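Spelled out, the chains give:
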Amino acid sequence: MHDLRKQVLLESGKTQSRKQRSKQGTPAASSAGSPTPSRSGSRVPSRNVSDDESEGSDASAWGTTSLEDLQHEEDSHTPADVVITDLYQRIDAICDRKRSSAEGREIALAGLGVDLQRYVAKAELGRKVDELVPAIMKSIKAGQTEKETVQALKVLALIFVTAPSEALYTTTARTVQSLITDSPEPTIKHAAIQAFGTIAFFGDAPEDDIEESMDLLLEIISSDGSSIDCPDNASIVTAALQTWGLLATKVQDLEDITEVAMEAFTDQLQSSDAEVQIATGENIAFLFERSYTEAEEDEAPPSPGSDSSGHANGDGPHMIQRYTAHRHPEELISQLEALAQVSSKRLSKKSRRALHQTFSDVLATVEKPTRGPRYSKALDEDGREYGSRLNVAVGGKGGRSWVIDKWWMYLRLGALRTVLQGGLLVHLEGNEGVRDALEQEFAGIEE
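Conventions we followed
- Residues numbered from 1 in each chain as written.
- Predicted model: local features only at pLDDT ≥ 70, side-chain atom pairs only at ≥ 80, totals over all residues.
- Heavy atoms only, no water.
- Helix = DSSP H or I, 4+ residues; strand = E, 2+ residues; numbered from the N terminus.
- Buried < 20%, exposed > 50% of the residue type's maximum accessible area, 1.4 Å probe, protein only.
- Contact = heavy atoms within 4.5 Å.
- Areas by Shrake-Rupley, 256 points an atom, 1.4 Å probe, with all protein chains shown as cover.
- Pairing = 2+ DSSP bridges.
- Axes fitted to C-alpha atoms, helices over the stretch in contact; angles between N-to-C directions.
- Parallel < 35°, antiparallel > 145°, perpendicular 65-115°, else oblique.
- Left-handed = near helix turned anticlockwise from the far one by under 90°.
- Phe/Tyr/Trp six-rings, centres within 6.5 Å; stacked < 30°, edge-to-face > 60°.
- Salt bridge = Lys/Arg side-chain N within 4 Å of Asp/Glu carboxyl O.
- Nonpolar A, V, L, I, M, F, W, Y, C, P; charged D, E, K, R; others polar.
- 1 Å grid on protein atoms, 1.4 Å probe; cavity = no way out; pocket = protein on both sides within 12 Å on 5 of 7 lines; lining within 4 Å.
- Points joined across faces, edges and corners; volume = space filled by probe spheres on them.
- Patch = residues over 30% accessible without salt bridge, like charges linked within 9 Å, V, L, I, M, F, W, Y side chains within 5 Å.
- Lys, Arg positive; Asp, Glu negative; His and termini not counted.
- Charge placed at Lys NZ, Arg CZ, Asp CG, Glu CD.
- Core = buried A, V, L, I, M, F, W, Y, C linked by side-chain atoms within 4.5 Å.
- pLDDT = per-residue confidence, 0-100.

J.: Teacher, can you tell me more about the overall build of the protein here?
T.: Per the secondary structure count, the protein includes 17 helices and eight strands. Here the protein, with 447 residues, has 55% of them falling under the buried criterion. Put simply, 75% of the contacts in the protein that link residues at least 6 apart link residues at least 24 apart. Taken as a whole, the protein presents about 19,700 Å² of accessible surface, with 45% of it coming from carbon and sulfur.

In structure tokens form, the structure reads like this:
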């Protein structure tokens, strides 16, 4: 048995921090191209490139990051016109390879990444994408340093979030995917896994491509990273789990995939790494949720008091179980109950809290798959269960809000948090494609 799969309740090791998993720090900020304060123009959130956004980090820790923190993001702002000026300067520096060094490109790519996170630059990218993407692909294919390649992968993912197209997917996807298996550097493999998930999701990849990629990711998960020469690499396995979950939300029929995937996920519940376990649990909950679909008009509703189908709190359409998500649900429930109550002192308090929260949610869904994340069985004044209590709001009073009451929404929101980080709320407010990701389960992009 691989080291990564030691039973957490008996032999769990101390969870690595994101900074420890990062092999190299963030490129130093460029003084020449850095935004400066201004009193004019609309304002967008200002964020510096931090250690948590460095190329070696997964920069997400979705399972251990409180979603409620999204409502309390840093309220520091930089005028939009300053960001746009900086963005164009960064693009020019990236495209002018003859007069740039590897270090200069690292700095320009890191700065452009932050600009694209904190500002929805769809129009600006439209003017530059034909020149910019080939330059980024040169850094991805033949970057002179590990940092250059990883930062280029991050920027490419952000371009897809901001201005996606099928044509762009066709010209970039295979190159990015090849790095997962062929790059000798674990940090590049890690960045390529995450970037490919974003590229395939927003680039409207064909379902055959998505399922092929999910098979590759499942091999990584099942082998604890050994299939791509990264044995017992928890960061790689976590990225593969999260990307598998994101891509799975694009596939309408998961029945043929579920059994093999569930076997791999059940094994990973025994990982010694909390983030691996959390990503695994979220995928398990999603697969149980997906095993139910809305009843057709000619299908009889469930009998009164039946717990096998129907909406979790009595509202919404009736849901019908279409197939068995797990062959031995009693054994799975026993594992989930243990993780929901784990008390090992070898885990940090933050990891224990995250495990308790996640696996309480997962357990609730496994027991009744129509329950979504953060489901509350407490009754309101009308005697109905409150249901999912997880909300994301943008725009202040009178703005938009989303109730994250489905695991497919939760997995997508997690992926968006990974790539956009502190700019997630900015993009939820101003990026139609990001909003669609939370509102339309099976929608393609519009050209």
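This is not the end of the story, as more comes after the structure.
J.: Quick question: what am I supposed to make of the environment of Glu275 here?
T.: Inspection of the secondary structure assignment puts Glu275 in helix α12 (residues 274-290). Along the backbone, Glu275 and Ala239 are 36 residues apart, and their C-alpha atoms lie at a distance of 9.6 Å.

J.: In this structure, what is going on with the pairing of strand β5 (residues 375-379)? I would like to understand it.
T.: Remember that side chains alternate between the two faces of the sheet whenever the strand is regular. In this sheet, strand β6 (residues 385-388) lies alongside β5 in antiparallel orientation, the contact comprising three bridges. Among the inter-strand pairings, Leu379 is bridged to a residue of β6, identified as Glu385. In this antiparallel pair of consecutive strands, β5 and β6, the connection spans five residues, and Gly383 shows a positive phi of 80°.

J.: What is the right way to read the packing of helix α6 (residues 146-162) against helix α8 (residues 186-202) from this model?
T.: Two packed helices can be described by the angle between their axes and the distance between those axes. Following both chains from N to C, one finds α6 and α8 inclined at 15°, their axes separated by 9 Å at the closest point. With respect to their mutual orientation, α6 and α8 come out roughly parallel. Seen from above, α6 lies across α8 with left-handed handedness. Every residue of α8 that contacts α6 at Glu146, Thr149, Val150, Leu153, Leu156, Ala157, Phe160 and Val161 is listed here: Thr187, Ile188, Ala191, Ala192, Ala195, Thr198, Ile199 and Phe202.

J.: I keep staring at the packing of aromatic side chains and nothing clicks. Help me out?
T.: Aromatic ring pairs are defined here through the distance separating the ring centres and the angle between the ring planes. Evaluated as defined, the whole model comprises three aromatic pairs. Summarising the aromatic geometry, the rings of Phe201 and Phe202 are spaced 5.1 Å apart at their centres and angled 70° between planes, so their arrangement reads as edge-to-face. Each member of the pair Phe201 and Phe202 is classed as buried. Ring plane angle 70° and centroid distance 5.3 Å describe the contact between Trp407 and Tyr410, whose orientation is recorded as edge-to-face. Within this pair, Trp407 and its partner Tyr410 are both found in helix α15 (residues 407-420), separated by three residues, close to a single helical turn.

J.: Help me out: how do you make sense of the pattern of salt bridges in this one?
T.: Here the idea is simple: oppositely charged side chains can pair when their charged atoms come close. Scanning the entire structure with this criterion turns up 13 salt bridges. Its salt-bridge partner being Lys128, residue Asp92 comes within 3.4 Å of it at the nearest N-O pair. Here the residue Asp92 occupies a position in helix α3 (residues 80-95), and Lys128 occupies one in helix α5 (residues 122-142), the gap between them amounting to 36 residues. Arg400 is the salt-bridge partner of Glu439, the closest N and O atoms lying 2.6 Å from each other. Note that Glu439 is positioned in helix α17 (residues 432-439) and Arg400 in strand β8 (residues 400-403), a separation of 39 residues in sequence.

J.: Can you walk me through the packing of helix α4 (residues 102-118) against α6 in this structure?
T.: Relative orientation of the contacting elements α4 and α6 amounts to 25°, with a least axis distance of 9 Å. The orientation of α4 relative to α6 falls into the category roughly parallel. Here the hand of the crossing between α4 and α6 comes out left-handed. Residues Ala102, Arg105, Glu106, Leu109, Ala110, Leu112, Gly113, Leu116 and Gln117 of α4 form the contact with α6, whose own contacting residues are Lys147, Glu148, Gln151, Ala152, Val155, Leu158, Ile159 and Thr162. A breakdown of the residues in the contact of α4 with α6 according to their chemical character gives nine nonpolar, four polar and four charged.

J.: Help me out: how do you make sense of empty space enclosed by the protein in this one?
T.: Over the atoms, a rolled probe matching the size of one water molecule traces out where space is still vacant. Under the counting rule described, the total for this entry stands at two cavities of 30 Å³ or more. Approximately 50 Å³ is the volume found for the second largest cavity. Elements represented by at least two residues in the lining of the second largest cavity include exactly α8 and α15. Sorting elements by how many residues they give to the lining of the second largest cavity places α15 first, with four residues. Considered class by class, the residues forming the lining of the second largest cavity number seven nonpolar, one polar and one charged.

J.: Which parts of the structure should I look at to understand the environment of Thr280?
T.: Positionally, Thr280 belongs in helix α12. Judged by its relative accessible area of 0%, Thr280 is buried. Sequence separation between Thr280 and Gly245 is 35 residues; the distance between their C-alpha atoms is 9.0 Å.

J.: Which parts of the structure should I look at to understand unusual backbone geometry?
T.: Most peptide bonds are trans, and most residues other than glycine sit at a negative phi. With a phi close to 55°, Asp204 is a non-glycine residue in the positive phi region. Among the secondary structure elements, Asp204 is positioned in the loop between α8 and α9 (207-222). Relative accessible area serves as the criterion here: at 22%, Asp204 is assigned to the partly exposed category. Positive phi, normally seen in glycine, also occurs at Gln421, with a value near 50°. Tracing the backbone through its elements, the reader meets Gln421 in the loop between α15 and α16 (424-430). What makes Gln421 buried here is its relative accessible area of 9%.

J.: What am I meant to see in a negative patch on the surface here?
T.: Taken together, Glu207, Asp208, Asp253, Glu255 and Asp256 make up a surface patch of like negative charges. Looking at the negative patch, the elements that each hand over two or more residues are α9 and α11 (255-268). Of note, Asp253 is situated in the loop between α10 (234-248) and α11.

J.: How should I be thinking about the nonpolar core in this particular structure?
T.: Here is a general trend for soluble globular proteins: nonpolar side chains tend to be buried in one another's company. With 117 residues, the main nonpolar core has Ile136, Ile159 and Trp244 as its most contacted residues. Every residue in contact with Trp244, bar those within four places of it in the chain, is listed here: Met214, Leu217, Leu218, Ile221, Ile257, Ala261, Phe265, Asn283 and Leu287.

J.: Looking at this structure, how should I read the confidence of the model for the protein?
T.: Parts of the model with low pLDDT should not have their predicted coordinates read in detail. Per-residue pLDDT for the protein averages 82, and the proportion of residues at 70 or more is 78%. This stretch, residues 1-68, has a pLDDT under 50; its non-local contacts, to residues over four places away or in other chains, come to 192 contacts. Every residue in residues 305-309 scores below 50 in pLDDT, and together they form six contacts with partners more than four places removed in sequence or on other chains.

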